[in-house]
Every structure is written in C-alpha cells, then in structure tokens.
Amino acid sequence: MGPGFDFTDTPVSTGTTIMAVEFDGGVVIGADSRTSSGAYVANRVTDKLTQISDKIYCCRSGSAADTQAIADIVAYSLNYHRNQTSKEPLVWEAASEFRNFCYNYRDSLLAGIIVAGWDEERGGQVYSVPLGGMLTRESCTIGGSGSSFIYGFVREHYRPGMPKEECIEFVKKAVQHAIFHDGSSGGVVRIGIIDKDGIERRLFYNTESGESKIAGSQSFIN
Amino acid sequence: MMNNAFAQPMWLNGPAPGQFYNFMGGNTQAELPRELTTAGPFGTKHSTAAITTGSSVVGIRYAGGVLVAADTLVSYGSLARYQNIDRVFKINDKILLGGSGDFADIQSIKRSIDQKMIEDQCCNDGVVMKPKSLASWLTRVLYNRRSRMNPLYIDVVVAGVDEAGVPFLGNVDLRGRAYDDYVVATGFGRHLALPLVRERKPKDRDFTFEEASNLIRECMKVLYYRDTRSIPQYTVGICSASDCSVKGPFKVEENWTFAETVEGY
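Everything numeric in this text was worked out from a predicted model, so none of it was measured. (Residues numbered from 1 in each chain as written. Chains lettered and ligands numbered in written order. Predicted model: local features only at pLDDT ≥ 70, side-chain atom pairs only at ≥ 80, totals over all residues. Heavy atoms only, no water.)

**Description of the overall build of chain B**
Right, so step 1: When helices and strands are counted, chain B shows 5 helices and 13 strands.
Right, so step 2: Buried positions account for 42% of the 265 residues belonging to chain B.
Right, so step 3: Counting only contacts in chain B whose residues sit at least 6 apart along the sequence, the fraction spanning at least 24 positions is 59%.
Right, so step 4: Put simply, chain B shows about 14,400 Å² of open surface, and 53% of that area lies on carbon and sulfur atoms. (Helix = DSSP H or I, 4+ residues; strand = E, 2+ residues; numbered from the N terminus. Buried < 20%, exposed > 50% of the residue type's maximum accessible area, 1.4 Å probe, protein only. Contact = heavy atoms within 4.5 Å. Areas by Shrake-Rupley, 256 points an atom, 1.4 Å probe, with all protein chains shown as cover.)

As structure tokens, this is what we get:
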C-alpha cells in the first residue's frame, strides 16, 4: 500500500471459507459466496462448489482465475477419460489431477482446493490439496481464509460417523461462524450433498431469521 | 530472486543480468518444461519456500537393523494442519525413508522412488535396491536440483539393510549433502536427538534393539517438549533382515506434574 496503489490492480481472489465432510454413503460440501478484490466485493453470490464430473465436485479457494482455470482443465480431462473408458471417474483421480497441477506449477499459482465426491469403489471421499500441492485424504476438512476462525469449532463439534442431516447442520453452522469473523467471506452458505444419486444443492441465508429478504429500519424517528 | 551481482566482467558475452546461465555444457534444461526445472518467474511471484512441512525425523542403527521415527504432523506455517500423516515410508523390503521438509516435495520424490521400485520388480530378477544405492541416487538428484536453483526443500533419512543383513543409516539434505552414521536426524532432531544418542553410545559395540527403541522413545519425548512444530503422536519404521514395516501410531510419554512447583515466572 502506498502512493499509486490502485484498487483495480488487486487480483480477484476467492477469500473464502470452504469445507467438506464425509458421511456413510456420500459427502457434504459447503462454501460461502463472496469473491473479493481487495476490499471490494466483486461477487456476493458466487458459486464456489464447482462441478468436475457428475458426482465429483471441488471447493475453490485462493485466486479465482487460477482455480477456475485448473477446474476447467481437470473437468475436461476427466470427461475425456470417461469417454475413453466408459467408466465414471474416481474421486481420487480428480484429486490426483488437481494435485499434479498445483504441485508442478506451485510457483505460479495460488490455489487451495478441496475435492469431494462419491464413487462406486470407495464411496464418499474428501481430499485436500493445499497451497504447496500435497495431497491427502481427510474425513473432515476446511479451507480458505475463513477457515482459520473455525478450527476450534470444528474440533469441538465434529464426530466421525455423523449421519447426513447432522453433517449438513454442522457444515452450515461452521461456515456461518467463519463468515461472521472473516471479512473475506460472506453472502450465503451454499451446501451440496453428493451421494450415489448425484448432487442435491441447498442454500442457507446468513441472516438472523434465516430469511432471504430483510426489511431494514423504515424510519430513524420513533 | 536473481540479483544483479551476476553482472560482472566474467559475464562478458554471457546472458543478460538476471538471466539463468546454463552450466550443463551439452545438456540444456530447455528440453524440460520450464515449470518443472526452475523457480518460475511467471504469473504471481510466490516463494518456492516450503509451505506444508514436516518436522524432525530420527534414525538409529542397532545390531541387526535400523529404526526410523517421525511424528505424524504436517504443519502449515505455525498451524498444525494435518495431524495424521505418516512421514516414514516403506520403500521396499530392505529400505525405509523418513521425510521432513516440504511435504509436497516429499510426496513427489516418493512417487519417483516408487516408480524406480516398480522398474526393479519388472526386471523380475529377485534383486531389490539397497538403501545405500537409494541414498546415492537421492544425493545426485537433490544436488542437481539445487545446482539449477530449484531445490526440493527436503531433508530425508534413508535406512535399511543390504542383502547380507548389514544395516545402513544415512541422511541426505536439500543441497545434496549426504552422510551415514549410527544415528542421524533432521530439523530439531539434529540439535536435540543427536547429542542425546551419541552420549549413550557404547564405545565398543552397536546398540541393542532394546537400547535403540528406548532411545527413540526418549528422543520423541524431548522433541515433543521442545519443538513448537510437533505433536505427541509418532510412527516408527523398523527394518531388519527379517522384517521391514512401519508401526504405530504411538503416543509420547508426558510428565507435567512438576509444573505446580513453579510459581512466579
């Protein structure tokens, strides 16, 4: 910051909160909806849950451009692979492709990605591909700038083997807590539930009442 | 990153200041994609320093085999991010590898090593690579990368036994520096574990398995007390003529009782 600092030059980033949790038979993924460009909110209704294949999605954090480009390439590559083999891609295959990109180009990219989905071989899986390009599977993982604020919350309230509805409530609450504290996260909470039948999307509003529309104070005089 | 200190008389007719100069003679690195060999100047300028890191690895050689131990933590700066990661790997029936430093680079070098082991199996001659050979190969790879100003930010312990059952314990670092000894360690272990083990070494013989195990337990305890980037859970790889496997995770012994006797500061 100094003389000549220009707001329009700050890169667009998905300063973000993203999260994914495995349950028996699938995964629950969640994210906020704010894309920020420095202090400006470029998009307040972003969808950060990006489809890679029918039953594999990724949650993107870091540079919006970088993660969109990589997600497009991985989705294309897996679609080609699916056409060639007539088999649905494995979640691990998607995660591995993400990792290869994020590792080989690590000096030029700012991308922290969570890959989650369902496949026939291993059921619901969640993989974490953080900044340096390592790959690891976790049953519950959080990412993005907002995740720093909810490590304690997640540690306290996560139990392995939670049923689906509990997972949804847990992810919703966690993302809401992160949005509360993180300036780079905001908007609505987008949730996706992926199982053998595909994805079911849900949307939760971050308002006090949970309503999508809030009337403001009408008058400043009693 | 490339500084103008390179612009000196010896560079007459050489590359422009800041340009990478290829010392390789015939073998240009232009053959390999840039991204894979040099720290990239394209796009956003991010440091190639380690991002997700593993802390210490400790190895001890005893009469008949080797032990390699590391905690199960991969840190993200000061954040204890991934707390259930195995950092000791079985490479083949005769070799263990303990990895510290940037974990993405560890996963990358392990992939290359696994490919080598598969090639070995394809030869189908019953011969598996020896730990000393792997250590030599790693030295060359790491030295080459550092000479091209694009290091693999890792510090590894290579351990195992050769076909005669003679144990080997070595350490190779990110600059390609290698040595072997009866005790090796990386990171904080180098400062805390090495002196601890060296002090207990009997002058005239190797450690017994019991002595080595107890020393590992004690080293992991001290490292947990005194390394901020550690957790009290670790895995241990054991390699002898009869068995090569990674065991664990184990818990570190802790004693905080004396804390109540301290007051004031």
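Next comes the rest of the description.
**As for the side chain of T235 of chain B**
Residues and elements named next belong to chain B.
Right, so step 1: Inspection of the secondary structure assignment puts T235 in strand β12 (residues 233-240).
Right, so step 2: Classification of T235 as buried rests on a relative accessible area of 3%.
Right, so step 3: The contact partners of T235, leaving out residues within four places of it in the chain, are V68, A69, A70, T72, D86, R87, V88, V246, K247, G248 and P249.

**Re the sheet that holds strand β13 (residues 244-251) of chain B**
All names here are of chain B.
Right, so step 1: A sheet is described by the order of its strands in space; here 5 strands give the open sequence β11-β2-β3-β12-β13, paired in antiparallel fashion. A strand with exactly one partner marks an edge of an open sheet, and here the two such strands are β11 (183-185) and β13. Shown here is a sheet whose adjacent strand axes are inclined to one another by a mean of 15 degrees, direction ignored.
Right, so step 2: Docked against the sheet, helix α4 (residues 188-199) engages β2 (57-62) and β11, running at close to 165 degrees with respect to β11. (Pairing = 2+ DSSP bridges. Axes fitted to C-alpha atoms, helices over the stretch in contact; angles between N-to-C directions.)

**Structural notes on the environment of A178 of chain A**
Residues and elements named next belong to chain A.
Right, so step 1: Positionally, A178 belongs in helix α4 (residues 164-181).
Right, so step 2: Judged by its relative accessible area of 0%, A178 is buried.
Right, so step 3: C-alpha separation for the pair A178 and L109, spaced 69 residues apart in sequence, amounts to 24 Å.
Right, so step 4: Filtering out sequence-adjacent residues up to four positions away, A178 remains in contact with T17, G146 and I150.

**Re the pattern of salt bridges**
Right, so step 1: Here the structure, examined in full by the defined rule, presents 22 salt bridges over all chains.
Right, so step 2: R202 of chain A serves as the salt-bridge partner of E165 of chain A, at 3.5 Å between the closest nitrogen and oxygen. Pair noted here: E165 of chain A is in helix α4 and R202 of chain A is in strand β13 (residues 198-204), with a separation of 37 residues, a long-range link.
Right, so step 3: By relative accessible area, E165 of chain A is classed as partly exposed at 47%.
Right, so step 4: Each of R106 of chain A together with D102 and D105 of chain B takes part in one network of salt bridges that share partners. (Salt bridge = Lys/Arg side-chain N within 4 Å of Asp/Glu carboxyl O.)

**Here we look at the pairing of strand β7 (residues 56-63) of chain A**
Residues and elements named next belong to chain A.
Right, so step 1: Counting buried positions along β7 gives 8 out of 8 residues, so the element sits mostly inside the fold.
Right, so step 2: Both strand β6 (residues 49-53) and β7 contribute to a ladder of 4 bridges, which runs antiparallel. Within the sheet, the bridge partner assigned to S53 lies in β7 and is I56.
Right, so step 3: Linking β6 back to β7 in an antiparallel pair, the connection comprises 2 residues.

**Description of the side chain of Q107 of chain B**
Right, so step 1: Inspection of the secondary structure assignment puts Q107 of chain B in helix α2 (residues 103-123).
Right, so step 2: Beyond its immediate sequence surroundings of up to four residues, Q107 of chain B is in contact with R99, G133, M134 and L135 of chain A.

**Thoughts on the UniProt feature "active site" (unreviewed entry) in chain A**
All names here are of chain A.
Right, so step 1: The sites that UniProt annotates as "active site" (unreviewed entry) are T16.
Right, so step 2: In this structure, T16 sits in the loop between β1 (13-14) and β2 (18-23).
Right, so step 3: Residue classification places T16 among the buried residues on the basis of a relative accessible area of 0%.
Right, so step 4: Beyond its immediate stretch of four places on either side in the chain, T16 contacts D32, K48, R60, S61, G143, G144, S145, G146, S147, D182, S184 and S185. (UniProt positions renumbered as here; feature names shortened; annotations may be inferred.)

**Some points on the packing of aromatic side chains**
Residue and element names in this part refer to chain B.
Right, so step 1: The tally for this structure, following the rule as stated, stands at 8 aromatic pairs over all chains.
Right, so step 2: Residues Y62 and F209 carry aromatic rings whose centres are separated by 5.2 Å and whose planes lie at 65 degrees to one another, so their mutual orientation is edge-to-face. Here Y62 is found in strand β2, whereas its partner F209 is found in helix α5 (residues 209-226), with 147 residues between them in sequence.
Right, so step 3: The exposure class assigned to Y62 is buried, which follows from its relative accessible area of 6%.
Right, so step 4: Geometrically, the ring pair formed by Y182 and F207 is edge-to-face, given 6.2 Å between the ring centres and 65 degrees between the ring planes. Here Y182 is found in the loop between β10 (178-180) and β11, whereas its partner F207 is found in the loop between α4 and α5, with 25 residues between them in sequence. For the pair Y182 and F207, one class covers both residues: buried. (Phe/Tyr/Trp six-rings, centres within 6.5 Å; stacked < 30°, edge-to-face > 60°.)

**Notes on the pairing of β12 of chain B**
Residues and elements named next belong to chain B.
Right, so step 1: With 7 of 8 residues buried, β12 is to be regarded as a mostly interior element.
Right, so step 2: With 7 bridges joining them, strand β3 (residues 65-71) and β12 adopt antiparallel strand pairing. Looking at the pairing, V68 lines up with G237 of β12.
Right, so step 3: When β12 meets β13, the two strands line up antiparallel, connected through 6 bridges. Bridging from a neighbouring strand, I238 pairs with S245 of β13.
Right, so step 4: Once β12 ends, the chain turns through 3 residues before running back antiparallel as β13.

**Observations regarding empty space enclosed by the protein**
All names here are of chain B.
Right, so step 1: Counted under the stated rule, the structure contains 2 cavities of 30 Å³ or more.
Right, so step 2: As a volume, the largest cavity reaches approximately 70 Å³.
Right, so step 3: Surrounding the largest cavity, S55, S56, D71, R87, M220, L223, Y224, D227, S230, I231 and V252 form its lining.
Right, so step 4: Considering every element that reaches the lining of the largest cavity, the biggest residue donor is α5, with 3 residues.
Right, so step 5: A breakdown of the residues in the lining of the largest cavity according to their chemical character gives 5 nonpolar, 3 polar and 3 charged. (1 Å grid on protein atoms, 1.4 Å probe; cavity = no way out; pocket = protein on both sides within 12 Å on 5 of 7 lines; lining within 4 Å. Points joined across faces, edges and corners; volume = space filled by probe spheres on them. Nonpolar A, V, L, I, M, F, W, Y, C, P; charged D, E, K, R; others polar.)

**A few points about the sheet that holds strand β11 (residues 140-143) of chain A**
In sheet architecture, strand pairing relies on hydrogen bonds along the backbone and comes in two forms, parallel and antiparallel.
Residues and elements named next belong to chain A.
Right, so step 1: With antiparallel pairing, 5 strands are arranged side by side in an open sheet as β11-β2-β3-β12-β13. Looking along the sheet, the strands with just one partner apiece sit at the ends: β11 and β13. In this sheet, neighbouring strand axes are inclined to one another by 15 degrees on average, regardless of whether the strands run parallel or antiparallel.
Right, so step 2: Judged from the 6 bridges that link them, β2 and strand β3 (residues 26-31) form a sheet pairing that is antiparallel. Opposite V21, over in β3, you have V28 as the bridge partner.
Right, so step 3: Contacts between α4 and the sheet are confined to β2, β3, β11, β12 (189-195) and β13, with β2 contributing the most and set at about 165 degrees to the helix.

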